[in-house]
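Fold and geometry: a report
Residues per chain are reported as follows:
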Amino acid sequence: MADFRREYLDFERGIRIGRLEPEQRLTRVLKCALESAFGAPFATVRWGRGLYWQWIGFFPKIARQAKASFGCAKYFVSLDRQQRALHAGMQVERGYVTPPPEFQECRLQANWDWHRLLALLRSGGAAERLLAERVMQDGFRIFVGSWAGGREFTAANFTGLSTIRRVIARAPARAWCGFQLFYPLREEEIRAMDGRDILDAILAIFAEVTPLVSACWDVRLWPPQAEDAASRKRATT
C-alpha cells in the first residue's frame, strides 16, 4: 500500500527517494500505478543523485528494446526549485542533431519518438485540439526547445501549433532539445495536500496527457481509463 508523504517533496533539495521504504518512494508508487493501468512493465529513469532526485521519467519497458531511453516519450515528474512547483506531464527529447564528439551516441536517430511527435504537431487536428484544451482551459503549460534556452507557453501566449513548430525549427542543432506538456502544482498547493492527494493529482495529470504521449510510442498499449473531467480538475485545483 502506498505511503508517500508530502514532506518527501523538498523545495530546497528535490524529491526524496533515498532511505525510504519501497511503498514510500514516488518512483515505485507511480511505476506500479502505471503498470497496473496499462498492464505492461514500465522503466524508470531519473536525473539526480543521492537522497534527492530532480526529475523522474516513466515509459514502457518494451520501447527501450530498440532505442536508448532518451529516445522514448515519457511521463515525468520534476521539482522546479526556482518556480517552487512540482511539474508533472509528458516529455519527448530530440537530443542532438549535431552532437559534440564525446556524445555521438546521443545523436537523434530515425526510430526516436521525437519523429512521431513532430508528425502529430504537423497534422494539427486532434493533437492541436488536445494541446489547446489543456493549455487554454486546464492550466497546462508547454515547454519546447533547448533546455537552456527554450520557450514556455501558457494560456497567455499560446496561439497554436504554428508557433510551436517555429520554435522547434529554430532549436540549435548542437543543443539538447525537447518538448514538455506539463501541469505545475505550486508549493502552496502541495502544502495543502496530503500524500494521497498528491499521488491522485499526479496520476490525474498523467491521464490528461496520455492521448499524446501514447501516440508518440512505437508500441501500442491500452491506455488507462481517465476519470471524468470534473474529478480530474478537482485533483489539480
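Anything mentioned here points back to the structure above.
The following paragraphs examine the structure supplied in this document. (Residues numbered from 1 in each chain as written. Predicted model: local features only at pLDDT ≥ 70, side-chain atom pairs only at ≥ 80, totals over all residues. Heavy atoms only, no water.)

Points about the environment of Thr-98
Our working definition: Helix numbers and strand numbers start at the N terminus; a helix is a DSSP run of H or I with at least 4 residues, a strand a run of E with at least 2. Note on contacts: a residue pair qualifies if any of its non-hydrogen atoms lie within 4.5 Å across the two residues.
With respect to the helices and strands, Thr-98 occurs in the loop between β6 (85-95) and α2 (114-123). With 96 residues separating them along the chain, Thr-98 and Ala-2 place their C-alpha atoms 43 Å apart. If near-sequence neighbours (up to four positions away) are discounted, Thr-98 is found in contact with Ala-173 and Arg-174.

A few points about the pairing of strand β3 (residues 42-49)
Spelled out, the test is: Strands pair, by our definition, only if DSSP identifies at least two bridges between them.
Looking at chain direction, β3 and strand β4 (residues 52-60) are connected through 8 bridges and run antiparallel. Residue pairing in the sheet places Arg-49 in a bridge with Tyr-52 of β4.

A few points about the pattern of salt bridges
What counts here: Here, a salt bridge means any Lys or Arg side-chain nitrogen found within 4 Å of an Asp or Glu carboxyl oxygen. Note on classification: 1.4 Å probe, protein chains only; a residue is buried when its accessible area is under 20% of the maximum for its type, exposed when over 50%, partly exposed between these limits.
The tally for this structure, following the rule as stated, stands at 18 salt bridges. Here Lys-67 makes a salt bridge to Asp-218, at a shortest N to O gap of 2.9 Å. Placement of Lys-67 in the loop between β4 and β5 (74-80) and of Asp-218 in the loop between α6 (195-216) and α7 (229-235) is noted, with a sequence separation of 151 residues between them. For Lys-67, a relative accessible area of 6% gives the class buried. Note that Glu-133 and Arg-134 form a salt bridge whose closest N and O atoms lie 3.2 Å from each other. Judged by relative accessible area, which is 34%, Glu-133 ranks as partly exposed. A residue is classified by how much of its surface remains accessible, and Arg-134, at 8% relative accessible area, is buried. Salt bridges here are not isolated pairs; linked through shared partners, they connect Glu-12, Arg-84, Glu-187 and Arg-191.

Here we look at the pairing of strand β7 (residues 141-146)
The buried fraction of β7 is high, at 5 of 6 residues. Direction of pairing for β7 relative to strand β9 (residues 177-186): antiparallel, over a ladder of 6 bridges. Looking across to β9, one finds that Ile-142 is bridged to Leu-181. Relative to strand β8 (residues 151-153), β7 is paired through 3 bridges, and the arrangement is antiparallel. Bridging across to β8, Val-144 finds its partner in Arg-151.

Limitation: the analysis is restricted to geometry and does not speak to function.
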